[in-house]
Amino acid sequence: MNTPDRVDSYKYISGMTRRESLKWLGLLAAGSAVTLTAGCSKAIEGETATAGHWPDIEIQPVSAQGYGTDPNMIMPPESPWPLTLTEAQLTLVAVLADFIVPKEGSHPSASEVQVPSVIDEWVSAPYYGQQKDRVTILHALAWIDDESTLRFKKPFLQLSATQQSKIMDDIAYFNAQTPEQFQRIGKAFLRFKDLVLGAYFCTPEGCQDIGYLGNVPIAGDYPGPTAEAKAHLDGVLAELGLSQYAYRD
């Protein structure tokens, strides 16, 4: 994996207000299979480990009230629930997120666009899906520090970039070939990676990174779809037996 440049004294400090992070939370939820409608008052138990070590930590469930069934995501309340990640956990999230999305040329890293703040908002939200992810991610963060101590006698944030990369290379590419002792953390880290990427590509910088051209005003009259787009749509509608709905000038 790409190695982000860090100094030993690095500490992530959020540059995002709660209103901003709550809006990104809504966007991230809208783009995932997890919704903000089901309440949850207890932590979700993890899977049974089959190999390797797994941290035995007690995670207190979030008991704050959520928005209810009709949230105002345009002007959300300032602090509907407390954020729960510690300073060390948040900094670890920032370092890990920058392994996933490092700064490259003019494209900012995940931490530069405040992705860790969105992750903190996500795992602090009192909803079933977010609380399930809270258990997964907090266990993953603890596992990474445990693994760092087992291998190098130091927590992850105190390791050199080369040492950090050695651990990341073992867990960041979860697939059928992942060794058994890394399968559980690999699956947990995959969920973390999904959230980091989802949050990153919700930002204007992330949209620009993938060349997304939406949400841009068009000067003058709307030109309509291109001939190629209309031909493609006509073909799809014909396959579905819905040609009566084909585009007409």
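Up top is the structure these notes are about.
Residues numbered from 1 in each chain as written. Predicted model: local features only at pLDDT ≥ 70, side-chain atom pairs only at ≥ 80, totals over all residues. Heavy atoms only, no water.

1. Describing the overall build of the chain
Broken down by element type, the chain carries eight helices and zero strands. What you see in the chain, going N to C, is helices and strands ordered as α-α-α-α-α-α-α-α. In the chain, the proportion of contacts linking residues at least 24 apart, taken out of those at least 6 apart, comes to 72%. Summing over all exposed atoms, the chain offers an accessible surface of approximately 14100 Å²; the carbon and sulfur share of this is 54%. (Helix = DSSP H or I, 4+ residues; strand = E, 2+ residues; numbered from the N terminus. Contact = heavy atoms within 4.5 Å. Areas by Shrake-Rupley, 256 points an atom, 1.4 Å probe, with all protein chains shown as cover.)

2. A few points about the environment of glutamate 121
Positionally, glutamate 121 belongs in helix α3 (residues 115-124). The buried category is assigned to glutamate 121, whose relative accessible area is 0%. Glutamate 121 sits 39 residues away from proline 82 along the chain, and the two C-alpha atoms are 8.7 Å apart. For glutamate 121, the residues in contact, after removing those within four places along its chain, are Arg18, Ser21, Leu22, Leu25, Trp81 and Leu83. (Buried < 20%, exposed > 50% of the residue type's maximum accessible area, 1.4 Å probe, protein only.)

3. Quick look at the packing of helix α2 (residues 87-100) against α3
Running from amino to carboxyl end, α2 crosses α3 at an angle of 125 degrees, the nearest separation of the two axes being 9 Å. When the axes of α2 and α3 are compared, the pair comes out oblique. The two elements α2 and α3 meet at a crossing, and its hand is right-handed. Listed contacts from α3 to Leu90, Val93 and Ala94 of α2 are Pro116, Ile119 and Asp120. (Axes fitted to C-alpha atoms, helices over the stretch in contact; angles between N-to-C directions. Parallel < 35°, antiparallel > 145°, perpendicular 65-115°, else oblique. Left-handed = near helix turned anticlockwise from the far one by under 90°.)

4. Description of the pattern of salt bridges
Following the criterion strictly, the structure yields five salt bridges and no others. A salt bridge links lysine 11 to glutamate 87, with the nearest nitrogen and oxygen atoms 3.8 Å apart. Placement of the pair is lysine 11 in the segment before α1 (18-30) and glutamate 87 in helix α2, with a sequence separation of 76 residues. Among the charged side chains, a salt-bridge network with shared partners connects Glu147, Arg151 and Asp170. (Salt bridge = Lys/Arg side-chain N within 4 Å of Asp/Glu carboxyl O.)

5. A short note on the packing of aromatic side chains
If you walk through the whole model with that rule in mind, you get five aromatic pairs. Measuring from ring centre to ring centre gives 5.7 Å for tryptophan 81 and tyrosine 127, while their planes differ by 85 degrees; the resulting arrangement is edge-to-face. Placement of tryptophan 81 in the loop between α1 and α2 and of tyrosine 127 in the loop between α3 and α4 (128-152) is noted, with a sequence separation of 46 residues between them. (Phe/Tyr/Trp six-rings, centres within 6.5 Å; stacked < 30°, edge-to-face > 60°.)

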